[in-house]
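Next come the chains, spelled out residue by residue.
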Amino acid sequence: VQLQASGGGLVQAGGSLRLHCAASGRAVSGYAMGWFRQAPGKEHEFVAAVRWSASPTYYADSVKGRFTISRDNTKNAVYLQMNSLNPEDTAVYYCAAGLRTILSLIRVPASYHYWGQGTQVTVSS
């Protein structure tokens, strides 16, 4: 599975961005899909995830109510709608796919087998 993340950019605080993760190589309909982010000098941080059936969804407390993850298995794609962005959201965002990911570990980066290259999100104050 190859993952390609896009949609990042520079946005002012309070703005919105929509990230897109395109999967190729094989269908990801049976995979859990997640978004993680990494700010300079920090570890990978869980952002959001969705299991293969598109429900339920999981969010980090820091983004709950502002970010929405969705997937379209017919297009082999996952999206992250990010609203009310603030400077603390600045990071490189990665999409990841996990096969047979245990739901209790869906927030753990090591539970994912495939990673995209990341897309930079910068939020100015």
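Residues numbered from 1 in each chain as written. Predicted model: local features only at pLDDT ≥ 70, side-chain atom pairs only at ≥ 80, totals over all residues. Heavy atoms only, no water.

K.L.:
Whenever I open this one, the sheet that holds strand 7 (residues 67–72) confuses me. Can you help?
P.N.:
In any sheet, the strands associate via hydrogen bonds between backbone groups, in a parallel or an antiparallel arrangement. Ordered by their spatial adjacency, four strands build an open sheet running 1-3-8-7, and the pairing between neighbours is antiparallel. Of all the strands in the sheet, the pair left with one neighbour each is strand 1 (2–6) and strand 7. When strand polarity is set aside, the average angle formed by the axes of neighbouring strands in this sheet is 15 degrees. Strand direction decides the pairing type here: strand 3 (residues 17–24) and strand 8 (residues 77–82), joined by six bridges, are antiparallel. In the sheet register, alanine 22 faces strand 8, and the bridge partner there is alanine 77. (Pairing = 2+ DSSP bridges. Helix = DSSP H or I, 4+ residues; strand = E, 2+ residues; numbered from the N terminus. Axes fitted to C-alpha atoms, helices over the stretch in contact; angles between N-to-C directions.)

K.L.:
Help me understand the side chain of threonine 101 in this model?
P.N.:
One can find threonine 101 in the loop between strand 9 (91–99) and strand 10 (114–115). Classification of threonine 101 as buried rests on a relative accessible area of 5%. There is a polar contact of 3.1 Å between the side chain of threonine 101 and the backbone oxygen of serine 111. Setting aside residues up to four positions removed in sequence, threonine 101 forms contacts with Ala32, Trp52, Ile106 and Ser111. (Buried < 20%, exposed > 50% of the residue type's maximum accessible area, 1.4 Å probe, protein only. Polar contact = N/O pair within 3.5 Å; in protein donor to acceptor, adjacent residues only side chain to side chain. Contact = heavy atoms within 4.5 Å.)

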